[in-house]
2 protein chains.
Amino acid sequence: MNPAGRPIAPPEPLDLMFQALADPARRGMVERLTLGPASVSELAAPYAMSLSAVVQHLQVLEASGLVASQKVGRVRTCQIRPGALSLAEQWISARRTEWERRLDRLGQYLADHPEDEEGDLR
Amino acid sequence: MNPAGRPIAPPEPLDLMFQALADPARRGMVERLTLGPASVSELAAPYAMSLSAVVQHLQVLEASGLVASQKVGRVRTCQIRPGALSLAEQWISARRTEWERRLDRLGQYLADHPEDEEGDLR
DNA sequence: CCAACACTGAAGTGATCACTTAAGTATTGC
DNA sequence: GCAATACTTAAGTGATCACTTCAGTGTTGG
């Protein structure tokens, strides 16, 4: 049980996604991989951390679905999974369009009722 | 010092942003706030956690820049900051367009060289 | 005035995170 | 064959996270 005593819920895909993107090293690896596939050591090169740490970041990225990899010989080659980011993108753009619509309605209301005062959040 | 013994870097805005979005309760609060401003207790209502926990989530959301709030009397009213999500949106769409460009180049190459075999990641 | 209300702040706890080191296991070039 | 290469796995550590409880503080309706 967790601290709340409630049953643990399995993490949703969006949780894993945003969690994966929340670390600058992981974002950096994704940025690198958008330029093309790379081996683990190539991905590790820009970072001061151990290879082990990089592999652990890679595992997070794979669990989130952002990255896939396959091993050939002794080299593991990683690539981004193109469709993966669209889930996060959709959530964000849904919020954006929602509040744009809301601001439009508010603007329309204010235009229709110019006598009303500002400062009202409702 | 951190476990690596290296100096700590201050978290980047995108770190705070994605970290804030990585929790389902916080995303839920953002979703609620896209429909319009709400008080702390209104935001807390759907959740089984304590009010204190909700306030702590709200602090994370404020630190990320996603949410703003002001107190009037004994009620704190929260609203989303419309522009905030665009930072995350831009990062994601930058990656998307980058790998789309890359896939286009790859497709063009394959079209120009139909004799080549598949399975090459380079 | 005073009780109910809407938070606020501090302290504590167990789980998870971001690393580390150390000791493996397959591959490959020579 | 054998050393170098490219990871892989396990165990450990301190920091941070997501909560909790409890004890305030300021506000407001009756």
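Since this is a predicted model, take the numbers as computed values, not measurements. (Residues numbered from 1 in each chain as written. Chains lettered and ligands numbered in written order. Predicted model: local features only at pLDDT ≥ 70, side-chain atom pairs only at ≥ 80, totals over all residues. Heavy atoms only, no water.)

Peer 1: Before we move on, can you summarise the sheet that holds strand E3 (residues 75-80) of chain A with the specific residues and values?
Peer 2: Residues and elements named next belong to chain A. Spatial ordering of the open sheet is given by E1-E3-E2, a layout of three strands whose pairing is antiparallel. The sheet is open, and its two borders are formed by strand E1 (38-39) and strand E2 (67-72), each paired with just one other strand. Pairing of E1 with E3, which is carried by two bridges, proceeds in the antiparallel orientation. Bridged to alanine 38 within E3 is cysteine 78. Most of the contacts of helix H2 (residues 24-34) go to E3, to which it runs at about 90 degrees, and overall it touches E1, E2 and E3. (Pairing = 2+ DSSP bridges. Helix = DSSP H or I, 4+ residues; strand = E, 2+ residues; numbered from the N terminus. Contact = heavy atoms within 4.5 Å. Axes fitted to C-alpha atoms, helices over the stretch in contact; angles between N-to-C directions.)

Peer 1: Explain the protein's contact with DNA strand C residue by residue, including any values.
Peer 2: Within the structure, DNA strand C sits among 22 residues, and Ser50 and Gln56 of chain A together with Ser41, Ser52 and Arg76 of chain B are positioned closest to it. For DNA strand C, the backbone portion of the atoms within 4 Å of the protein, that is sugar and phosphate, comes to 64%. At a separation of 3.3 Å, a base oxygen of DNA strand C approaches a polar side-chain atom of serine 52 of chain A. One of the side-chain N or O atoms of glutamine 56 of chain A is found 2.7 Å from a base nitrogen in DNA strand C. Broken down by secondary-structure element, the contributors of at least two residues to the surface near DNA strand C are helix H4 (51-63) of chain A together with helix H3 (40-44), helix H4 (51-63) and strand E3 (75-80) of chain B. A per-element tally of the surface near DNA strand C places H4 of chain A first, with four residues. Looking at side-chain class alone, the surface near DNA strand C contains six nonpolar, nine polar and seven charged residues. (Near = heavy atom within 4 Å. Polar contact = N/O pair within 3.5 Å; in protein donor to acceptor, adjacent residues only side chain to side chain. Nonpolar A, V, L, I, M, F, W, Y, C, P; charged D, E, K, R; others polar.)

Peer 1: Tell me about the interface of chain A and chain B, residues and numbers included.
Peer 2: Residue-level contacts link 37 residues of chain A with 37 residues of chain B. Here chain A meets chain B over a buried area of about 3,400 Å², counting both sides, of which 66% is carbon and sulfur. Where chain A meets chain B, there are eight salt bridges. Among the ionic pairs, glutamate 31 of chain A bridges to arginine 95 of chain B, the shortest N-O distance being 4.0 Å. (Buried area = accessible area lost by both parts, 1.4 Å probe. Salt bridge = Lys/Arg side-chain N within 4 Å of Asp/Glu carboxyl O.)

Peer 1: Which residues make up the protein's contact with DNA strand D, and what values do they have?
Peer 2: The environment of DNA strand D is formed by 21 residues, the closest being Ser41, Ser52 and Arg76 of chain A together with Ser50 and Gln56 of chain B. Of all the secondary-structure elements, those providing two or more residues to the surface near DNA strand D are helix H3 (40-44), H4 and E3 of chain A together with H4 of chain B. Ranked by residue count, the leading element in the surface near DNA strand D is H4 of chain B, at four residues. Among the residues forming the surface near DNA strand D, the class breakdown is six nonpolar, nine polar and six charged.

Peer 1: Got a sec to walk through the packing of aromatic side chains? Specific residues and values, please.
Peer 2: Counting across every chain of the model gives three aromatic pairs over all chains. Aromatic side chains phenylalanine 18 of chain A and tryptophan 91 of chain A sit 6.1 Å apart centroid to centroid with 75 degrees between the ring planes, which places their arrangement in the edge-to-face category. Here phenylalanine 18 of chain A is found in helix H1 (residues 13-21), whereas its partner tryptophan 91 of chain A is found in helix H5 (residues 85-112), with 73 residues between them in sequence. Phenylalanine 18 of chain A gets classed as buried once you look at its relative accessible area, which sits at 0%. Where phenylalanine 18 of chain A meets phenylalanine 18 of chain B, the ring centres are 5.9 Å apart and the plane angle is 25 degrees; that geometry is what we call stacked. (Phe/Tyr/Trp six-rings, centres within 6.5 Å; stacked < 30°, edge-to-face > 60°. Buried < 20%, exposed > 50% of the residue type's maximum accessible area, 1.4 Å probe, protein only.)

Peer 1: Tell me what's going on with empty space enclosed by the protein, and back it up with residues and numbers.
Peer 2: Counted according to the given criterion, the structure contains one cavity of 30 Å³ or more. In this structure, the largest cavity occupies an estimated 40 Å³ of space. Every residue along the wall of the largest cavity is listed here: Arg95 and Trp99 of chain A together with Val30, Thr34, Leu66, Ile80, Arg81 and Leu85 of chain B. Every element with two or more residues in the lining of the largest cavity is listed here: H5 of chain A together with helix H2 (24-34) of chain B. Partitioned by chemical class, the residues of the lining of the largest cavity number five nonpolar, one polar and two charged. (1 Å grid on protein atoms, 1.4 Å probe; cavity = no way out; pocket = protein on both sides within 12 Å on 5 of 7 lines; lining within 4 Å. Points joined across faces, edges and corners; volume = space filled by probe spheres on them.)

Peer 1: Explain the pairing of E2 of chain A to me, using residue names and the numbers behind them.
Peer 2: All names here are of chain A. Bridge count for E2 against E3 is six bridges, and the pairing is antiparallel. Considered in E3, the bridge of serine 69 is made with cysteine 78. What sits between the antiparallel neighbours E2 and E3 is a turn of two residues, in which glycine 73 has the positive phi angle 65 degrees.

Peer 1: Can you break down H2 of chain A residue by residue, with the values?
Peer 2: Residues and elements named next belong to chain A. Extensive coverage of H2 is indicated by the burial of eight of its eleven residues. Every buried residue of H2 is listed here: Ala25, Arg26, Arg27, Gly28, Met29, Val30, Leu33 and Thr34. Where H2 begins, the capping side chain belongs to aspartate 23, and its oxygen is found 2.8 Å from the backbone nitrogen of alanine 25.

Purely geometric numbers; function is a separate question.
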